[in-house]
Amino acid sequence: WRFIDSSVLMTYDSVGSSAGKRAIIDNTVTFAASDSLLSDANYAAVPDLQMLPMVAGAVVPVYHIPGLESSDPALILSRDVLSRIYLGNITYWNDTAIVALNPALVGKLPGVAIRRIIRGDSSGTTEIFTRALSRFSAQWNATVGFGSSVAWPDGGVKLTARGS
């Protein structure tokens, strides 16, 4: 906009999807961005609110397994196994379910605890990730569900971090 009209000033605050949605609904900003969609209730509360899809983002679980080298085959995790890790039901890298999916890594997957790092603040990324886990696993859907903030299950090592 500044190239068209130098009097227009725009700023961007990296506050996270939930805070951005709250600000646009509360009319404290004139535009916002989010990884997750607005709800029907949001649209009902603010009828002139518009959401314009611009970019599709991906949530990608990453891992670091002591002893694996970059020359080793990539780790394979099924939807079921990923859900069970985040449920806290699979807590070690050498769990039989992980080993069964990774025959090329037999003997290399250590008996080391899986450390899950999760968002501690309300987040659109959390919403789209937990929505996927809800579709992958009936147990996840029934016990945790999805949302921008969820009660992450205990089990194993869980580290909480703020995003953005």
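Predicted model, so just to flag it, every value in this text is computed and none were measured.

Caption draft 1: Structural view of the nonpolar core. Judged by nonpolar contacts, the single largest core of 22 residues is most densely connected at Leu-75, Ile-85, Tyr-86, Ile-90, Ile-98, Trp-140 and Trp-152. When contributions to this core are tallied by element, the ones reaching two or more residues are α3 (79-87), α4 (96-101) and α5 (124-136). With five residues, α3 is the largest single contributor of residues to this core. If near-sequence neighbours (up to four positions away) are discounted, Leu-75 is found in contact with Tyr-63, Ile-65, Trp-93, Ile-98, Asn-102, Leu-105 and Leu-109.

Caption draft 2: Region of the structure containing the pattern of salt bridges. Going through the model one piece at a time under the given rule, you end up with four salt bridges. Residue Asp-72 pairs with Lys-108 through a salt bridge whose shortest N-O separation is 2.9 Å. With a gap of 36 residues between them, Asp-72 in the loop between α2 (40-45) and α3 and Lys-108 in the loop between α4 and β1 (115-119) connect regions that are remote in the sequence. Ionic pairing is found between Glu-127 and Arg-131, a salt bridge with its closest N-O pair at 3.2 Å. One end of the pair is Glu-127 and the other is Arg-131, both in helix α5 and four residues apart, which spans about a single turn. When its relative accessible area of 28% is taken as the criterion, Arg-131 is described as partly exposed. The network of salt bridges with common partners includes Lys-21, Glu-127 and Arg-131.

The rules behind these values
Residues numbered from 1 in each chain as written. Predicted model: local features only at pLDDT ≥ 70, side-chain atom pairs only at ≥ 80, totals over all residues. Heavy atoms only, no water. Core = buried A, V, L, I, M, F, W, Y, C linked by side-chain atoms within 4.5 Å. Buried < 20%, exposed > 50% of the residue type's maximum accessible area, 1.4 Å probe, protein only. Helix = DSSP H or I, 4+ residues; strand = E, 2+ residues; numbered from the N terminus. Contact = heavy atoms within 4.5 Å. Salt bridge = Lys/Arg side-chain N within 4 Å of Asp/Glu carboxyl O.

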